[in-house]
Amino acid sequence: QVQLVESGGGLVQPGGSLRLSCAAYGSIFSINAMGWYRQAPGKQRELVAASTSIGITNYADAVKGRFTISRDNPKNTVYLQMNSLKPEDTAVYSCNANLRPGGSWVARDFWGQGTQVTVSS
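Residues numbered from 1 in each chain as written. Predicted model: local features only at pLDDT ≥ 70, side-chain atom pairs only at ≥ 80, totals over all residues. Heavy atoms only, no water.

Engineer: Tell me about the sheet that holds strand β1 (residues 3-7), and name the residues and values.
Structural biologist: Here four strands make up an open sheet; going across it, the order is β1-β3-β8-β7 and the pairing antiparallel. In the strand order of this sheet, the two ends are held by β1 and β7 (67-72), each with one partner. Taken pair by pair, the neighbouring strands of this sheet meet at an average axis angle of 15°, ignoring direction. Here six bridges tie strand β3 (residues 18-25) to strand β8 (residues 77-82), and the two strands are oriented antiparallel to one another. What sits directly across from S21, in β8, is Y79. (Pairing = 2+ DSSP bridges. Helix = DSSP H or I, 4+ residues; strand = E, 2+ residues; numbered from the N terminus. Axes fitted to C-alpha atoms, helices over the stretch in contact; angles between N-to-C directions.)

In structure tokens, the structure reads:
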């Protein structure tokens, strides 16, 4: 059984910073990409940032220059450092990992439970 456990959401003022963490637990053979998605009320879920196992990253245009994704591969953990936060960053942020569980021949997507980020004064 594989689980993704997120932490670090909360309420922050505009211009502030938050750091999200997501750790993958369980029987895991290998992890490919890990990333963060977000969904604001009334909007579709969108990719925020993703990182491959060798550190190639991809960011949504709206967060480039403000957010940084990083990974600690030995700990099966991905982080999202969010700086200069704006009210429009308010959303539920969910962690995603494309990984191969132990005992499986194929990789598939796993999701965390989501963490609320609210940017408001």
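Engineer: Please set out the packing of aromatic side chains residue by residue, giving values where relevant.
Structural biologist: Counting across every chain of the model gives one aromatic pair. A cation over an aromatic ring shows up here: R19 above the ring of Y79, its NZ or CZ 4.1 Å from the ring centre. (Phe/Tyr/Trp six-rings, centres within 6.5 Å; stacked < 30°, edge-to-face > 60°. Lys NZ or Arg CZ within 6 Å of the ring centre and 35° of its normal.)

Engineer: Account for the state of the cysteines, with residues named and values stated.
Structural biologist: Two cysteines form a disulfide when their sulfur atoms are joined by a covalent bond. For the structure shown, the criterion picks out one disulfide. Covalently, C22 is tied to C95 through a disulfide, its sulfur atoms 2.1 Å apart. Where C22 bonds to C95 through sulfur, the torsion about that S-S bond is close to -80°, and the disulfide is left-handed. Here C22, found in strand β3, pairs with C95, found in strand β9 (residues 91-101); they are 73 residues apart in sequence, far enough to count as distant. For the pair C22 and C95, a shared accessibility class is recorded, and that class is buried. (Disulfide = S-S within 2.5 Å. Buried < 20%, exposed > 50% of the residue type's maximum accessible area, 1.4 Å probe, protein only.)

Engineer: Can you lay out the pairing of β8 for me, pointing to particular residues and giving the numbers?
Structural biologist: Buried residues dominate β8, accounting for five of its six residues. Of the pairings in the sheet, the one linking β7 to β8 comprises six bridges and is antiparallel in character. Residue S70 lies in a different strand from β8, and its bridge partner there is Y79. In textbook terms, the turn of a hairpin is the stretch between consecutive antiparallel strands, and for β7 and β8 this stretch comprises four residues, one of which, N76, has a positive phi near 50°.

Engineer: A description of the side chain of D89 should follow, citing residues and the corresponding values.
Structural biologist: When you line up the elements, D89 lands in the loop between β8 and β9. With residues near it in sequence (within four places) discarded, D89 still touches R38, R66, F67, S84, V117 and V119. (Contact = heavy atoms within 4.5 Å.)

Engineer: If you had to explain the nonpolar core to someone new, which residues and values would you point to?
Structural biologist: Formed by 29 residues in total, the largest nonpolar core has its most connected members in W36, V48, F67, L80, M82 and Y93. Counting only elements with at least two residues in this core, the list comes to β3, β4 (28-39), β5 (46-51), β7, β8, β9 and β11 (115-119). Sort the elements by how many residues they give to this core and β9 lands first, with five residues. When sequence neighbours within four positions are dropped, the list of residues in contact with V48 reads W36, Y37, R38, N58, Y59, A60, V63, F67, L80 and Y93. (Core = buried A, V, L, I, M, F, W, Y, C linked by side-chain atoms within 4.5 Å.)

Engineer: I'd like a description of the environment of F29, backed by residues and values.
Structural biologist: Examined against the element boundaries, F29 turns out to sit in strand β4. As for F29 and S104, which are separated by 75 residues in sequence, their C-alpha atoms are 8.1 Å apart. Setting aside anything within four residues of it in sequence, one finds F29 in contact with R100, P101 and G102.

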